[in-house]
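A structural walkthrough
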Amino acid sequence: MPCIVALIVFGIMGIFSASQRALAKEALDCVFKRVTFRPCNTGFAEKVKGKLIGKVLKRSTFLAKLLNKYYEVFSWIFFILMVGSTIWVLRGGYNFYVYGSCNGLNSSGFCAFDPSGSNNKVTPLGDSETCGTVQKTEKTVTLKNVDLSSFPTKNVGGKDTVVFIGCYACDYSRKAYPDILKLVKNKNANYIFAHYPAKGEVTNSLANAGYCINKDYKEKFWDWNSYLFTTDKNYILDPANLNTMLTKFSFDVQKINECVNSIETKDAVEAEVKELNKTNIYGTPTIFINSKAFVGPKPYRVYRSAINRFIFF
Amino acid sequence: MINTDKIRSDFKIFDGKKVPVYLDSACMSLKPNSVIEAMNGYYYEFPACTNRSPHKLGQKATKKVEEARKNIAKFINANNEKEIIFTRNTTEGINLLVNSFPFEKGDIVLITDKEHNSNLVPWLRLKEKVGIILKIIKGNDDGTFNLENFKKEVLGAKFVSIVHTSNLDGVTNPAKEIIEIAHQNGALVHLDCAQSIAHQKIDVKKLDADFIAFSGHKMMGPTGTGVFYGKQKLLEKLSPFMVGGDTVLSSTYESYEMLEIPEKFEAGLQDYAGIIGLGEAVKYLGKLDYKDIEEHELKLNKYITEELQKFPQIKIIGSADPSLRSGVVNFYIENTDMHKFAIMLDEIAGIAVRSGQHCVHSWFHSKKIYNSLRVSFYVYNTMEEAEVFINSLTKIFKIL
Ligand SMILES: Cc1ncc(COP(=O)(O)O)c(C=O)c1O
């Protein structure tokens, strides 16, 4: 048993250090009983045991005696803990690769691979009265019974569906945007974009503008959308710049302005937000890939793995 | 009297904060700074070939190497420096002898029952290859030499090759008497002085030894250095088993002309730095009085022996009398693997001791003893270190 424990311990440590690798090899020999009667060489198990007990003996005779007496028992306990923590680490690694977080999809608990938790950061909606969305747990975020038909859509008929709920003013949405575009392009996925005005009035007017542009200039909407996600945030959010931006895209400035300010548009956008709230969204960006929700900007591989059949391809 | 403080100040290893309790000198002695400096001197100042070099660097290297040879010859009281052949270690010296001496089928060779593998395996090979008859002289139960057995076995023997001081139990064989008896019976004698050279005065003339071999690393010299001594007239009769560069005066496509001794045995470029270091080690040892060394070791051996005798389970290998065991205390506990003791001693107090069968497997197998723990000391060891060893061992006994 001590050999197996040592094999696992030194095997893992050996990934990082050559000297531990040599010990791992010794442990392997020990496990497979390749070290037979060699009284001139210290048996590996004895060496490890002697070193451990010696270390303890330096501090406490009592503990050393205990360890010596119950060495096998301690080995078993250690073994079980090792196996447990190894599985836990592997699971964390898998989760990190596939979901961008060690703790599973959208979990914001501490993850050693992403210590700042950047893969799960969202712009919360709950603090904004205009949005009025209550923080929900990620498990309840869903597309069930949500009607997305009024939102801009492309690649209709694609095998996979990507729904991106983001906000022009939110850093995390802006971070995720290029990856989502890349994903949609590479996988030729059916893509629905929904703007969620997470930051109140300033974002409301851009939401309205988007609604109007999609209505009148369907084809150009996607360029407009990209422009807003990639241009300086302060510039696009300043209402004084709206007309200049519209002119840049050769839109009919007056017509769009009228549309933006109309009651009908306001109602329509409000209705859209209501519809989006049905998803139990609690922050942007929220991305649904084939109905699975990804909250916060994940690394590209996470989005890709969600579509791939075998994680990697 | 040995002044350990003064001696320790010559060894850098004792300078640091984490000073080891080094009790493994039978395996490898520590080296004084002067030895290391002498070696560095070669590498830094005149790292050149010897003999053939026309340049000053080469001449200086030649001078230093030959100085070392002279010093060593003087150290063991050889007739002249030609009798000193540089080797890598004792093992190489013995192999040189075994493979160069004109042994023939049926020649009787005697060794003891306590030989290091280096003075056993080459003879076993020779037995296989040439068909010599190898006889083992059984010793007394306390590890001392049995002269009566020897006298019986030596009749008709051609050669005797025995360990001088055993690395197993530190017991020294009565070399002078053995050689005398052997010579009376027409046999030549080789002494394995790997252990004895550092602990007692070796005077090849007084002993009348025909050949001796020893290693530099056990006598404060560098690793990879050794000496094979032989009486000039005998060496001249040996045919070297390793030849090539530096062993010949000249050669044609058909023939070669060998150099004289010692060169004909030193094939290829040698470890000049090591040889110079060994010369320095001999100088260092020359300043010490062997009587003092023996007295110092006996004091430590006596203390450790007496303390170990308080543990009833401990069995000391060899004589119970510490005065017969030089700087060695080797002990075992029945049915116990002594490795764990060595590991724990190192862990608890940085004590370096040796566990295992000490390359005398044959003895352990015949006695059915698994292995043992050997404490061996030298001039730089102190009484405090002996106490640390005993205290740490006592601690281990408390938890086992
Ligand atoms: C008695 C004896 N003979 C021979 C040897 C072999 O010496 P080396 O390994 O230096 O050749 C040793 C080394 O421990 C020894 O103690």
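Residues numbered from 1 in each chain as written. Chains lettered and ligands numbered in written order. Predicted model: local features only at pLDDT ≥ 70, side-chain atom pairs only at ≥ 80, totals over all residues. Heavy atoms only, no water.

Focus on the overall build of chain B
- Within chain B, the secondary structure is distributed over 14 helices and 15 strands.
- Taken over the C-alpha trace, chain B has a radius of gyration of 22 Å; the compact-globule value for 400 residues is 21 Å, and the two agree within 12%.
- For the C-alpha atoms alone, the extent of chain B along its principal axes is close to 70 × 55 × 35 Å.
- The buried share of chain B, reckoned over its 400 residues, is 57%.
- Counting contacts in chain B only where the partners sit at least 6 residues apart, residues at least 24 apart contribute 69% of the total.
- Put simply, chain B shows about 17,300 Å² of open surface, and 52% of that area lies on carbon and sulfur atoms. (Helix = DSSP H or I, 4+ residues; strand = E, 2+ residues; numbered from the N terminus. Rg over C-alpha atoms; globule rule 2.2 N^0.38 Å. Buried < 20%, exposed > 50% of the residue type's maximum accessible area, 1.4 Å probe, protein only. Contact = heavy atoms within 4.5 Å. Areas by Shrake-Rupley, 256 points an atom, 1.4 Å probe, with all protein chains shown as cover.)

Quick notes on the overall build of chain A
- Looking only at helices and strands, chain A features 13 helices and seven strands.
- Projected onto the principal axes, the alpha-carbon positions of chain A cover approximately 95 × 40 × 35 Å.
- Taking all 313 residues of chain A together, the buried fraction comes to 46%.
- Taking all contacts inside chain A whose residues are at least 6 apart in sequence as the whole, residues at least 24 apart take part in 70%.
- Within the structure as shown, chain A displays about 16,400 Å² of accessible surface, and the carbon and sulfur contribution to it stands at 60%.
- Across chain A, the mean location of the 40 positive side-chain charges is 17 Å away from that of the 25 negative side-chain charges. (Lys, Arg positive; Asp, Glu negative; His and termini not counted. Charge placed at Lys NZ, Arg CZ, Asp CG, Glu CD.)

Some thoughts on the environment of B:Phe341
All names here are of chain B.
- Locating phenylalanine 341 in the fold gives a position in helix 12 (residues 339-349).
- Given the relative accessible area of 2%, phenylalanine 341 is considered buried.
- Expressed as a C-alpha distance, the spacing of phenylalanine 341 and isoleucine 137, which sit 204 residues apart in the sequence, is 33 Å.
- In this structure phenylalanine 341 touches Ile333, Thr336, Leu373, Leu393, Ile396, Phe397 and Leu400, once residues within four positions along its chain are discounted.

Details of the domain arrangement of chain B
All names here are of chain B.
- For chain B, the assigned domains are domain 1 (4-23 + 289-399) and domain 2 (35-286).
- Between domain 1 and domain 2, the C-alpha centre-to-centre distance is 28 Å.
- Taken together, the 26 residues of domain 1 in the interface contact 24 residues of domain 2.
- Here domain 1 and domain 2 share an interface that buries about 2,100 Å² over both sides, 56% of which is from carbon and sulfur atoms.
- Interface area lost by domain 1 to domain 2 is led by Tyr290, Val360 and Tyr378, which between them contribute 29%.
- Our enumeration of links across domain 1 and domain 2 arrives at zero salt bridges.
- Seen at the junction of domain 1 and domain 2, the total is 10 residue pairs in polar contact (both at pLDDT 80 or more).
- Looking at the side of domain 1 that touches domain 2, the elements with two or more residues in it are helix 11 (290-308), strand 12 (328-333) and helix 13 (361-367). (Domains from an automatic or database assignment. Buried area = accessible area lost by both parts, 1.4 Å probe. Salt bridge = Lys/Arg side-chain N within 4 Å of Asp/Glu carboxyl O. Polar contact = N/O pair within 3.5 Å; in protein donor to acceptor, adjacent residues only side chain to side chain.)

Remarks on the domain arrangement of chain A
Residue and element names in this part refer to chain A.
- Splitting chain A by domain gives domain 1 (2-99) and domain 2 (122-307).
- Put simply, the middle of domain 1 and the middle of domain 2, counted by C-alpha atoms, are 53 Å apart.
- The interface of domain 1 with domain 2 comprises four residues on the first partner and seven residues on the second.
- Of the roughly 510 Å² buried where domain 1 meets domain 2, counting both sides, 49% is carbon and sulfur surface.
- On the surface where domain 1 and domain 2 come into contact, there are three residue pairs in polar contact (both at pLDDT 80 or more).

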